[in-house]
Each structure stands twice: as C-alpha cells, then as structure tokens.
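One-letter residues, chain by chain:
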Amino acid sequence: MTYQPLGKHLIAGTWISSDDTFTSQPVTGDPLTVASGGAVEVEQAVQAAEEAFLTYGWTSREARAVFLEAIAEEIEARGDDITRLGCAETGLPEARLQGERGRTTGQLRMFADHIRAGDYLDRRHDEALPDRQPLPRPDLKMVQRPIGPVAVFGASNFPLAFSTAGGDTASALAAGCPVVVKGHPAHPATGEIVAEAIAAAIERTGMPSGTFSLIQGTSHDLGGALVRHPLIRAVGFTGSLGTGRALFDLCAARPEPIPFFGELGSVNPIFVMPQALADRGAQLGAAWAASLTMGVGQFCTNPGIVVAPKGGALDAFAEATANALSEAGEGVMLTEGIAEAYRRGVADVSGAAGVQDMISTPCERRNAAPAVFKVSAEDWLANEALSEEVFGPLGIIVTTSGSEQMLEVARSLKGQLTATLQMDDGDTEVARSFVPVLERKAGRLLVNGFPTGVEVADAMVHGGPYPASTNFGATSVGTLSIRRFLRPVCYQNMPDDLMPAG
C-alpha cells in the first residue's frame, strides 16, 4: 500500500498535531500541510528522551546493534515510498535517492558492526595495588559512556543520509543516546516516513518509545528551543554557516554549555600542480566540470575553487571546463530559497573587482545553471568574499604566477572540509611544501581525485577547522563520529556487577 504522509510529529511513539502548520513546496505533486512545532513539542520529546536514556543508555551493545539493523531493514521495506516522496519533494533523481538510501542503511549496519566489536569504548583498567608504598592504588576502570539526549537537525541536501536516520542519528543511537530530530522543512514527508521506520524498529526490538522523536517545523524558535533545552547534551547539525553559527552561539550561551557539532561547508579548493596541468589540463578541466555540477552543485564538498599557474595549459583547462559546462544545462535545486541564494551569489562574484565571466547563464525560480569565473590571485586575495561558499554549481579559477603564489593562496584559506592536489610524478617536490599547509586547513586531503563523494568508512574525516565545522576534532561521517556522543567515565573500586552492560 502506498504510504500517505500524515503531516505530524512523532513524539515517543505517538503521532501528534500542532495548532500551527506550514505547507511543503514539492517539485512535483500536491503540497502537504505539516504540523509546525515549538517549545511545547520540544519539552514533550526531550522529557521522553531523558526518561528513555535511563534504560537505553544501559542497553547492551548487542541490543543496540540489533536495533540499528532493524532500522535499516524497516527503511528498506519502505524503499519505493521513500524514493517516491523524496523525488517529489527535492527534485533529486531516483538513482540518487536509491543510492542515498543504500548509504543510509549501510552506515546503520556499519555502526552495528562497530559497536559489536567494542573497540570504540577504549576500555582501560589499572588493577588495584593494595601493597604499593607509600600509598595503595585503587582499582580503576575507564570506559566511554553515552552523554544523554542528542538533538539532530536534518539537512536540506541529503534527505536521507544526513537527515532523520542519517549519520548523526545513527552514531548517537549507536553510542546509546536517544535522539530528537528537527526535520528539515524541505522534505517533511520523506522525514516522516523514515521516522515511521524508526518507530517500527523501536516497537520490534522493545526499545523505549522515547528513544527517538521527530519534530517538524520551520521557525527559528523551534530550533532555539531544542538547543536550549537543559536536558539536551549535544547537537548535530549540517547546513549553512549563518544558521549553524547562530545555533552554535546558543549552545555556548546556555547556563550549562554543550558541544555543537556543526558541519557548515566550504569551497574545497583544488591546487593543480604545474606538471599535471601541462600533461592533462584539458582532462582535468572536464573532470572538474563534472564534479562541480554533480547534484546541481549542492554538496558540501563541491570543489568551488581551482588554483593553478597561468599560461597555455591553464587556458586549455578553462576551455575544456567551459565546453563541458555548455552541455550541462539547468538543474532543479532543493528549494526556491536555495536557488535564490545561488543567484545572489553568482551576481556578487560576477560584480567583484577583477573577476572575468567564463560561463554564466541566467536562470529563474527553482532552477540553477553552472557559472564559472576567472580571477587573478592578487584580486582573489584582496577580496575575502571570493573565498566564501556559494551553494550550487559555481566555480572560480584563481590564476597565479607559479607555485609560490599558489602557496600564498593556500596559506590564506579559512578552514575547509577538503583540499585537493592534482599532481603527477614530476610535481612531488613542489607538492611537498603544500601538504603541511593544507593539513592545517582541511579535514581531508586528496591527491588526484575530486572531493564530491564521501566514503563511509573507519578512516573517513568529514569535518575541518572553522568555518568548515565547529569542532575540528570531530567528524560527521565514519565510525569515528560516534565519539562525539560519548564521554570517558572512570569507575573506582566498582564491582563488576555494577559496571555498564557490554
């Protein structure tokens, strides 16, 4: 039977309406009237999460692993409906939604395997030394423990993998933390059906009903009420710098501050070394165009800046880029607001001093077309706004006098999610001086690739120095992300019968 969205919140296993509502804006199909929550719904959900934590935080690793696997299975059982609703709301193609669903269920199963292995607990044991002089040593056991209820904000550009049951939710649940999700208003029906899958898994595995809640809404007051609630112990967020910084400041201003794990995007610069540019400049230009326009440029790892030495090889790179982009056409963006922000960003870059338009096509309503510009390193360094992210398929080629000026550009960068070196064997000595600089700028360094596409794996780091993220010691992708929602506890002379399960 085809799933018909309710347009309600899911709070501790019960579907709840609100007096306030908003209307969704799907690309296709009928709009949905959706309950819009606030402080009342936050109080209900967080209190339920706190009550659930007294049980869920003490469940065994095996019980939580089975729960995570059940969520994956329930999502898969609703796969066709999830794809249908996601495509209608976001305009993303079926193949993208199906792939993202696989990533979502895959990371749930990855965390199930991870917590079963138990290494993440970082157990340490110093046995008692009662006869030690001049003082005896007590028995000391240390283990990582869940921190409590976690708030998660769904992302606009990943309605599955970074939203209701995405990486933040999966890692928090794996750690033993109940989760309250603020659904993203760009895809409320998609968020709802995934929440329904989580609720089915809760019932199936006997977990406390307050282990998960979804609150829908559009207001800033809802987000503020969630991060300010005294029982929320951490926040996971993927989104814009402006919104993320506002929530970060709210977390810091609480009477008891809490960590805000915000992934805020970046321009993900690519540095093309001289030999690579000479040997395969045209090939790299076409490949950059493909990466730049993937998903209409709506990835936080979109490579928005290319830095290279000027000359004939760079001209060939730029020509190949323009040729590839001339065939790209327009794409549908996730929301009308994102499309409008993209158009403003294109206009701002186009009007900046020293910027040369290479390709720029006017677009209207919810559509966006690629835009690429060229600017000298001198003009780029003189205008900090050119180093800021424009969310969408916009790229800037920064031309330099050579590797020394390229390195000057690298040193000027703010924090990034990624930085890439395109290089051949003859570039090794030149590239060697870039690695210490870029290592301090980005969470992931690539060689001869493009950053779009973030592997879900043990070694992945998806984060970086501010403003790429608000906590440079954390990642929102990969098994290391579970550490965001754990804290070390030392148990002194604690009988084994009283130690946490698992």
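See the structure above.
These remarks concern the structure in this document. Remember, it's a predicted structure, so these values are computed and weren't measured experimentally.

1. As for the side chain of Ser266
Piece 1. On the secondary structure map, Ser266 appears in the loop between β11 (260-263) and β12 (270-272).
Piece 2. A residue is classified by how much of its surface remains accessible, and Ser266, at 6% relative accessible area, is buried.
Piece 3. A distance of 2.8 Å separates a polar atom in the side chain of Ser266 from a polar atom in the side chain of Asn268.
Piece 4. Ser266 has contacts with Cys300, Asn302, Glu389, Gly415, Gln416, Leu417, Thr418 and Ala468, leaving out every residue within four places of it along the chain.

2. What about the pattern of salt bridges?
Piece 1. In this structure the tally under the stated criterion is 23 salt bridges.
Piece 2. In this structure, Arg78 engages Glu196 in a salt bridge whose closest nitrogen and oxygen atoms are separated by 2.4 Å. Remark: Glu196 occurs in helix α6 (residues 188-205) and Arg78 occurs in the loop between α2 (61-77) and α3 (79-90); sequence separation between them is 118 residues.
Piece 3. The exposure class assigned to Glu196 is partly exposed, which follows from its relative accessible area of 23%.
Piece 4. Across the pair Glu388 and Lys414 runs a salt bridge whose closest N-O atoms are separated by 4.0 Å. Residue Glu388 is found in the loop between α12 (377-382) and β18 (394-400), and its partner Lys414 is found in the loop between α13 (403-412) and β19 (416-422); the two are separated by 26 residues along the sequence.

3. Brief notes about the sheet that holds β18
Piece 1. What the 7 strands build is an open sheet, ordered β15-β17-β18-β13-β12-β19-β20; its pairing is mixed. Strands at the two margins of the open sheet, each flanked by one partner only, are β15 (356-360) and β20 (442-447). The sheet shows a mean angle of 20° between the axes of neighbouring strands, taken without regard to direction.
Piece 2. In terms of strand pairing, β12 meets strand β13 (residues 305-309) through 2 bridges, oriented parallel. When the sheet's bridge partners are listed, Ile270 is paired in β13 with Val306.
Piece 3. Lying on the sheet, helix α9 (residues 274-293) is in contact with β12, β13, β17 (371-376), β18 and β19; it crosses β18 at an angle near 165°.
Piece 4. Contacting β13, β15, β17 and β18, helix α10 (residues 312-326) runs over the sheet at an angle of about 30° to β15.

4. Considering the side chain of Asp427
Piece 1. Tracing the backbone through its elements, the reader meets Asp427 in the loop between β19 and α14 (428-432).
Piece 2. Other than its neighbours up to four places away in sequence, Asp427 contacts Met273, Pro274, Gln275 and Ala276.

5. Let's talk about the nonpolar core
Piece 1. Within the largest apolar cluster, 99 residues are counted, with the highest numbers of intra-cluster contacts made by Phe212, Phe271, Trp380, Ile396, Val398, Phe434 and Phe485.
Piece 2. The greatest single-element share of this core, amounting to 9 residues, is contributed by α6.
Piece 3. Setting aside residues up to four positions removed in sequence, Phe485 forms contacts with Arg145, Pro146, Ile147, Val150, Asp168, Ser171, Ala172, Ala175, Cys177, Ala234 and Phe261.

6. Some thoughts on the layout of surface pockets
Piece 1. The calculated volume of the second largest pocket comes to roughly 240 Å³.
Piece 2. Together, 15 residues line the second largest pocket, and Pro5, Asp30, Leu32, Leu85 and Ala189 are the ones closest to its centre.
Piece 3. For the lining of the second largest pocket, the element with the most residues is α3, which contributes 4 residues.
Piece 4. Along the lines of polarity and charge, the residues of the lining of the second largest pocket split into 8 nonpolar, 4 polar and 3 charged.

7. So, the state of the cysteines
Piece 1. Applying the stated rule across the entire model yields 0 disulfides.
Piece 2. Of all cysteine sulfurs, the one in Cys251 lies closest to Cys177, which takes part in no disulfide; the gap is 15 Å.
Piece 3. Note on Cys490: no disulfide assigned, nearest cysteine sulfur contributed by Cys177 at a separation of 20 Å.

8. A short note on the sheet that holds strand β6 (residues 140-146)
Piece 1. The sheet built from 3 strands is open, its strands ordered β5-β6-β21 with antiparallel pairing. Strands at the two margins of the open sheet, each flanked by one partner only, are β5 (124-126) and β21 (486-492). Here the average twist between neighbouring strands, direction ignored, is 25°.
Piece 2. As defined by bridge partners, β6 adjoins β21 across 7 bridges and the pair is classed as antiparallel. Each bridged residue has a counterpart across the sheet, and for Leu140 the counterpart in β21 is Gln492.

Conventions we followed
Residues numbered from 1 in each chain as written. Predicted model: local features only at pLDDT ≥ 70, side-chain atom pairs only at ≥ 80, totals over all residues. Heavy atoms only, no water. Helix = DSSP H or I, 4+ residues; strand = E, 2+ residues; numbered from the N terminus. Buried < 20%, exposed > 50% of the residue type's maximum accessible area, 1.4 Å probe, protein only. Polar contact = N/O pair within 3.5 Å; in protein donor to acceptor, adjacent residues only side chain to side chain. Contact = heavy atoms within 4.5 Å. Salt bridge = Lys/Arg side-chain N within 4 Å of Asp/Glu carboxyl O. Pairing = 2+ DSSP bridges. Axes fitted to C-alpha atoms, helices over the stretch in contact; angles between N-to-C directions. Core = buried A, V, L, I, M, F, W, Y, C linked by side-chain atoms within 4.5 Å. 1 Å grid on protein atoms, 1.4 Å probe; cavity = no way out; pocket = protein on both sides within 12 Å on 5 of 7 lines; lining within 4 Å. Points joined across faces, edges and corners; volume = space filled by probe spheres on them. Nonpolar A, V, L, I, M, F, W, Y, C, P; charged D, E, K, R; others polar. Disulfide = S-S within 2.5 Å.

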